[in-house]
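# Structural features, examined
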Amino acid sequence: MTTPRRQFSRSLANNRWVKVWRRWQRKDVIIVNENHRRYRALECIREGIKDMFEKHPELGVKDNLTEEDFCHIHSKTIKTSQGKKFKFRSYASSVFACIRRAVSVSDHTFLSSVAPDDLEYMEFVSNSRSGQDFFLSHDQQFILKTDKKYYLEFFMSILGDYLMHFQNYPHSLIVKFLGLFSVNVSGQPKMYFLVMQNVFFPVERIESRFDLKGCLGGRYQKPYPEEKGVLHVLKDQNFYNDSIDLGNQRDWFLRQLRHDVSFLRDLGVQDYSLLLGRHELHKDDQQKTFVDLVDRMRKSYAKRKSSSILDKARVLSNQVHHADVIEEEEGEPPTQTQEEAGDKGFTASKRCSTFTSLGSLLGSTSTKLEDSANRRLLLSECKNPLHVIDGTHSRYYMGIIDFFTQYECKQQVARVLKVCKNCTSDHSTVPPDIYAERFLRFIEERTL
């Protein structure tokens, strides 16, 4: 039974002015306890993921992905330990399982971090204006991010392209999404959670963090005094006279950045960012022995089924038509089966990408094999190797995030308003080709 004191604490935690006060105080990391407004939803996500991994092995990795895998919805009503029921859904489960395998995240690592038995989540109060919530796993290795249905429909419509990009570029800088889930909790609206790797992991040594969009209008963050436990992210104006000193890794980084930005430009998106964290190289960060070098090369060039030419051919031969994976909010029968959920949950794709022909792919196999070395980074021996690059004097943590925004009518209006507000056209809301060119130029000019 909920006591009046607990009801008051819960209402206080949900109060908008309290949230504003927290932001003003820069208390960026908050433990999600039973008084938190998202506590029930996160507990349901935890129970749903555990149930899926433990009781539904058929939703794991597949060597041959089909159109049905991209469109599949696993839907199940689950009872909590307190006896309350909720509806849990996992979208395109086998596809995300393949992505997890491609980036070397084992089921055990994912489950123990994202859905542990009793460890608490943490909320990261960001300066994002999108209304999204960000929650860290207890070890801070993964982020659970809420998002709007509209943006998730777009993401699922490009999921095949997203997977193919990682197959073509195994060490891409684009952030890795490892799962999409939703929960229906009584008394609360349906919530969608994307699970992604945390670019800033491990966090212990990171000294400075930046969110870079390649423009200056409205891109200044007032520095706050250093304070333990505060995740302080600066912006482009703060980084204007700074640099990224990568030494002999510079060419690989810029080449990969161009491939990633070209991919995003072709998708017609803008407003993405390069997250950048850094700290001075410590002695134990530097591996200079021959054995260390061999281990790093083995790790970097290890063959994975998910990135082989044959796997690419299988995906292409299926001619996957991307579909919207987000089902209607209303009118869903409470006892519908998983198959019915799949039939009702998928509508015709709003955007169906054009795949490279299977013949041209196989015809250029030798070229791709020769070029494969240029697509891979000599990975560091650290816990987050796909987002870590060791430079001349510093270790850098880098990843491209927030690439769900298409340049549509809303953005076109926002472009005009931002010119009036910032008295400059050098802001983040511009067409994808302009955004991509400016983004690349800003980073290239500051990379040594």
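The structure contained in this document is the topic of the report that follows. Sequence positions are assigned chain by chain, starting from 1 and proceeding in written order. Only residues with pLDDT of at least 70 get local features here, since the model is predicted, and only at 80 or more are side-chain atom pairs given and counted; chain-wide, interface and lining totals rely on the full set of residues. In computing side-chain values, all of the structure's heavy atoms are included and hydrogens and water are not.

## Examining the side chain of Gln132
Strands here mean DSSP runs of E at least two residues long; helices mean DSSP runs of H or I at least four residues long; both are numbered from the N terminus. Structurally, the position occupied by Gln132 is in the loop between β4 (122-124) and β5 (134-136). Relative accessible area decides the class of each residue, using a 1.4 Å probe on protein chains only: under 20% of the type maximum gives buried, over 50% gives exposed, and in between gives partly exposed. Under the relative-accessibility criterion, Gln132 is labelled buried at 15%. Residues adjacent in sequence count toward polar contacts only when both atoms are side-chain atoms; beyond that, a polar contact is any pair of N or O atoms within 3.5 Å, and within protein one must be able to donate a hydrogen and the other to accept it. A distance of 3.2 Å separates a polar atom in the side chain of Gln132 from a polar atom in the side chain of Asp147. By the convention used here, residues are in contact when the closest approach between their heavy atoms is within 4.5 Å. Not counting the four nearest positions on each side in its chain, Gln132 is found in contact with Lys145, Thr146 and Asp147.

## With respect to the sheet that holds strand β13 (residues 388-390)
One open sheet accounts for five strands, arranged β10-β9-β12-β14-β13; its pairing is mixed. The open sheet has two edge strands with one neighbour each: β10 (233-234) and β13. A pair of strands is considered paired only if DSSP assigns at least 2 bridges between the two. Note that strand β9 (residues 208-212) and strand β12 (residues 273-280) share five bridges and pair antiparallel. Note on β12: the bridge partner recorded for Leu212 is Leu274. Angular values range over 0 to 180 degrees, each being the angle between N-to-C directions of two axes fitted as lines to C-alpha atoms, with helices fitted over their stretch in contact. Against the sheet, helix α10 (residues 250-267) touches β12, β13 and β14 (394-401), its axis set at about 10 degrees to β14.

## What to know about the pairing of strand β8 (residues 191-197)
Burial of β8 is extensive: seven of the seven residues sit out of reach of the surface. Taking every second residue as pointing to the same face, both faces of β8 are buried, with Met191, Phe193, Val195 and Gln197 on one and Tyr192, Leu194 and Met196 on the other.

## Remarks on the side chain of Ser137
Mapped onto the fold, Ser137 is located in the loop between β5 and β6 (142-146). Its relative accessible area of 0% is what places Ser137 among the buried residues. At 3.3 Å, the side chain of Ser137 and the backbone nitrogen of Gln141 are in polar contact.

## Considering the packing of helix α3 (residues 39-55) against helix α6 (residues 107-114)
Where α3 meets α6, the closest approach of the two axes is 10 Å, and the angle between their N-to-C directions is 155 degrees. Relative to α6, the element α3 lies roughly antiparallel. When the axes of α3 and α6 are compared, the crossing they make is left-handed. Facing α3, whose interface residues are Ile49, Lys50 and Phe53, α6 presents Asp107, Phe110, Leu111 and Val114. Classification used: nonpolar for Ala, Val, Leu, Ile, Met, Phe, Trp, Tyr, Cys and Pro, charged for Asp, Glu, Lys and Arg, polar for all others including Gly. For the contact of α3 with α6, the class distribution of residues is five nonpolar, no polar and two charged. Angles are sorted into four bins: roughly parallel if under 35 degrees, roughly antiparallel if over 145, roughly perpendicular if 65 to 115, and oblique for all others. For any pair of crossing helices, the crossing counts as left-handed if the nearer helix is rotated counterclockwise from the farther one by less than a right angle, and right-handed if it is rotated clockwise.

## Considering the packing of aromatic side chains
Stacked, tilted and edge-to-face are the three classes assigned to paired rings of Phe, Tyr and Trp, where Trp is represented by its six-membered ring and a pair needs centres within 6.5 Å; plane angles under 30 degrees give stacked, over 60 edge-to-face, the rest tilted. Per the counting criterion, the structure on display carries 19 aromatic pairs. The interplanar angle of 55 degrees and the centroid separation of 5.9 Å between the aromatic rings of Phe177 and Phe403 together place this pair among those described as tilted. Remark: Phe403 occurs in the loop between β14 and β15 (405-406) and Phe177 occurs in strand β7 (residues 177-184); sequence separation between them is 226 residues. The residues Phe177 and Phe403 share a single accessibility class, namely buried. Joined through ring pairs, the aromatic side chains of Phe96, Phe155, Tyr162, Phe166, Phe177, Phe403 and Phe404 make up one cluster. Positioned above the aromatic ring of Tyr240 is the side chain of Arg446, whose terminal nitrogen or guanidinium carbon lies 4.7 Å from the ring centre. Look at NZ for Lys and CZ for Arg. If either is within 6 Å of the ring centre and within 35 degrees of the ring normal, a charge sits over the ring.

## Topic: the packing of helix α8 (residues 159-168) against α10
For the pair α8 and α10, interaxial distance at closest approach is 12 Å and the crossing angle is 165 degrees. If you check the angle between α8 and α10, you find them roughly antiparallel. The chirality of how α8 crosses α10 is right-handed. Contact residues: Asp161, Tyr162 and His165 in α8; Gln256, His259, Asp260 and Phe263 in α10. In terms of residue class, the contact of α8 with α10 is made up of two nonpolar, three polar and two charged.

## As for the pattern of salt bridges
When a carboxyl oxygen of Asp or Glu is within 4 Å of a side-chain nitrogen of Lys or Arg, the pair counts as a salt bridge. Under the definition given, this model contains 20 salt bridges. Of the charged contacts in the structure, one is a salt bridge between Lys76 and Asp51, with a shortest N-O distance of 3.0 Å. On the criterion of sequence distance, the pair formed by Lys76 in strand β2 (residues 73-79) and Asp51 in helix α3 is long-range, its members being 25 residues apart. The buried category is assigned to Asp51, whose relative accessible area is 9%. Of the charged contacts in the structure, one is a salt bridge between Asp251 and Arg250, with a shortest N-O distance of 4.0 Å.

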